[in-house]
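# Summary of the model geometry
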Amino acid sequence: MSRNDFNPEKRPHHLILILGDQLDHQAAVFDDFDPDADALWMAENANEATHVWCHKRRLAFFFAAMRHFRDEQRERGRIVHYHALGRRPSDDRGKDFAEILTKDVHRLHPDKLILTRPGDLRVLQMLQDTAADLDVQLEIREDRHFFVTSDAFSDWADGKKDLVMEHFYRAQRRRTGLLMREDGKPEGGAWNFDEDNRKTFSKEGPIDLPSPRRFRPDEVTRTVLDMVEARFADHPGSLDGFDLPVTHDEALAALRDFVSKRLSRFGDYEDAMWCGETTLYHSRLSAAMNVKLLDPKFCLDKVVAAYEKGDAPINSVEGFVRQVLGWREFIRGVYWLHMPDYAERNNLQCDDREVPSFFWNGKTDMVCVADCMAGLLQHAWTHHIPRLMVLGQFAMLLGVHPYRFHTWHMAMYLDAVDWVSLPNALGMSQHGDGGIVGTKPYCASGNYIDRMGNYCRNCCYNPKHATGEDACPFTTLYWDFLARHHQRFADNTRMTFQVRNLERKSEDDLQAIRKQADHISECINKGIRV
Ligand code: SF4
């Protein structure tokens, strides 16, 4: 039968479900795909867009990438049943996956549903429940995008008291041979060049900073931008200058741009920040990788090839490899090993506190937070230090509930999918998991932020002061945080230095800090600008 004879309403043998973060043409669900008998199913749905108050750019990125994937599949001659959100809710075919899928299964009567393992346990369970209700078989296939399956991670973790990322990372380097010499030793003579990844800029700031490659929206993307602007007008963030890669070809071009223009300095300035410069030398590829527009193995090969050609130094290349082969795989393993209990963890026993209002609109006098928020509202992305040590740290010091922070992170960051956000946001950033992904909380006074960028020079606060008119809220809240959790951290050997410094403070100092911290907290609760 030729493609032209194929009736899209004909009963498909297999209906392949493709979620918004599964845009992988090489996925296992296509292994036995029969274009004459099978079909694909994709749906944009309003519930996924609104159950957290999503950044407009994040919504547009997902929907534009999905629609391009749909079109690429159709160009391959495949039938795709696709549900696009319209400008009005009344245009929708259903409010969530379960409702839309139920209608389509009743209409199409597939013999079987096939799905790549989703990156969100809630979505997996919802689709399993829907299939059970419909009495249709659902086959889940492994996500080959990753280097390590959840079963293999479980085997690695079995019997270990603590899960140490560095041990996992070295095992993956040995297993894959990436950045390994023939004698079994790590390339460059060390496993880790962390110490060489913490340079800061001189007073002049970054010199000859190349702008990341921009991608002009085509008609498909423009339709999405128009729909998101019309339908989600009150959502945070901006669509102005939308320039994200939304196809595989564009994502490959973004990778080439990073490797040729920014990789060589990425390592040196991995932790640095600078006012008005959101990307600096970072790749900004995490979102494209997390929706599977980019294959991580391919990215690593390109980055390692740059090292082998002498185009990039070892601290840059190893830093990138550690992020992708080490950290990214490690946290995915942690997610599947510890879910669903992981999402309930609240190690620091925080109250049910939400993120401050300026985490949505950026209106604050703290220059560091205001600048990171400006970047986030514009790009729906910041690199890891603004994410961890400015925004994440502020939430933790203030006592925001770790799951609330994760929910906010899911809403605001392009690259956040449940498997990557929960361990990073609730775990690493908020220390909510009690030390599974980080043996100590990431906390520091305003002095750290002062050292890593130029924010404090133009700020009305003084990072050295914990109390008084010009006290830096980070510094106040940092000491208050340590004091509140003194007993908890007293036996943590990685916190010894910080705990000793706290213990040197007089009772009067600690009381003044407590009072100032309460004042900051109260102002934030009342919506008074800080
Ligand atoms: Fe941020 Fe404090 Fe520095 Fe101001 S003084 S920029 S609030 S760290």
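First, a word on scope: everything that follows refers to the structure included in this document. (Residues numbered from 1 in each chain as written. Predicted model: local features only at pLDDT ≥ 70, side-chain atom pairs only at ≥ 80, totals over all residues. Heavy atoms only, no water.)

## Re the packing of aromatic side chains
- Tallied over the full model, the rule gives 27 aromatic pairs.
- For the ring pair Phe358 and Phe359, a centre distance of 5.8 Å and an interplane angle of 50° mean the geometry is tilted.
- The side chain of Arg78 reaches across the aromatic face of Phe33, ending 4.7 Å from its centre.
- Sitting over the ring of Trp479, Lys505 keeps its end group 4.3 Å from the ring centre. (Phe/Tyr/Trp six-rings, centres within 6.5 Å; stacked < 30°, edge-to-face > 60°. Lys NZ or Arg CZ within 6 Å of the ring centre and 35° of its normal.)

## Here's the deal with the state of the cysteines
- Per the stated rule, a full pass over the model turns up 0 disulfides.
- Cys459 provides the cysteine sulfur closest to Cys460, a residue in no disulfide bond, and the two sulfurs are 4.7 Å apart. (Disulfide = S-S within 2.5 Å.)

## Observations regarding the environment of Arg387
- Locating Arg387 in the fold gives a position in helix α15 (residues 384–398).
- The spatial distance from the C-alpha of Arg387 to the C-alpha of Tyr413 is 9.7 Å, given a sequence separation of 26 residues.
- In contact with Arg387, not counting residues within four places along its chain, are Trp381, Thr382, Gly392, His409, Tyr413 and Asp415.
- A polar side-chain atom of Arg387 sits 3.2 Å from the main-chain carbonyl oxygen of Thr382. (Helix = DSSP H or I, 4+ residues; strand = E, 2+ residues; numbered from the N terminus. Contact = heavy atoms within 4.5 Å. Polar contact = N/O pair within 3.5 Å; in protein donor to acceptor, adjacent residues only side chain to side chain.)

## Notes on unusual backbone geometry
- Each neighbour pair has its own omega, and for Met339 with Pro340 the value is 5°, a cis peptide bond.
- Relative to the elements of secondary structure, Pro340 occurs in the loop between α12 (314–338) and α13 (358–361).
- Even without glycine at this site, Asp135 takes up a positive phi of about 60°.
- Tracing the chain through its elements places Asp135 in the loop between α4 (121–134) and β5 (137–141).

## Digging into the pattern of salt bridges
- A full pass over the atoms with the stated rule returns 34 salt bridges.
- Of the charged contacts in the structure, one is a salt bridge between Arg67 and Glu44, with a shortest N-O distance of 2.6 Å. Here Arg67, found in helix α2 (residues 56–75), pairs with Glu44, found in the loop between β2 (39–43) and α1 (46–50); they are 23 residues apart in sequence, far enough to count as distant. Across the pair, Glu44 and Arg67 agree in class, each one buried.
- In this structure, Lys292 and Asp143 form a salt bridge, with 3.0 Å as the shortest nitrogen-oxygen distance. Of the two residues, Lys292 sits in the loop between α10 (286–290) and α11 (296–308) while Asp143 sits in the loop between β5 and α5 (150–157), which places them 149 residues apart along the sequence.
- Accessibility expressed as a relative area gives 7% for Asp143, which makes it buried.
- A network of salt bridges, in which partner residues are shared, links Asp194, Glu195, Arg198, Glu318 and Arg322. (Salt bridge = Lys/Arg side-chain N within 4 Å of Asp/Glu carboxyl O. Buried < 20%, exposed > 50% of the residue type's maximum accessible area, 1.4 Å probe, protein only.)

## With respect to the sheet that holds strand β3 (residues 80–83)
- Across the sheet, which stays open at both edges, the 5 strands sit in the order β3-β2-β1-β4-β5 with parallel pairing between neighbours. Where the open sheet ends on each side, the last strands, each with one partner, are β3 and β5. Strand-to-strand twist in this sheet, taken as the mean axis angle between neighbours without regard to direction, amounts to 25°.
- Sheet topology places β2 next to β3; 4 bridges connect them, and they run parallel. Looking at β3, one finds that Leu40 is bridged to Val80.
- Of the strands in this sheet, β1 (14–17), β2, β3 and β4 (112–116) are in contact with helix α3 (residues 97–108), which crosses β2 at around 150°.
- Across the sheet, α4 touches β1, β4 and β5, and the angle it forms with β5 is around 155°. (Pairing = 2+ DSSP bridges. Axes fitted to C-alpha atoms, helices over the stretch in contact; angles between N-to-C directions.)

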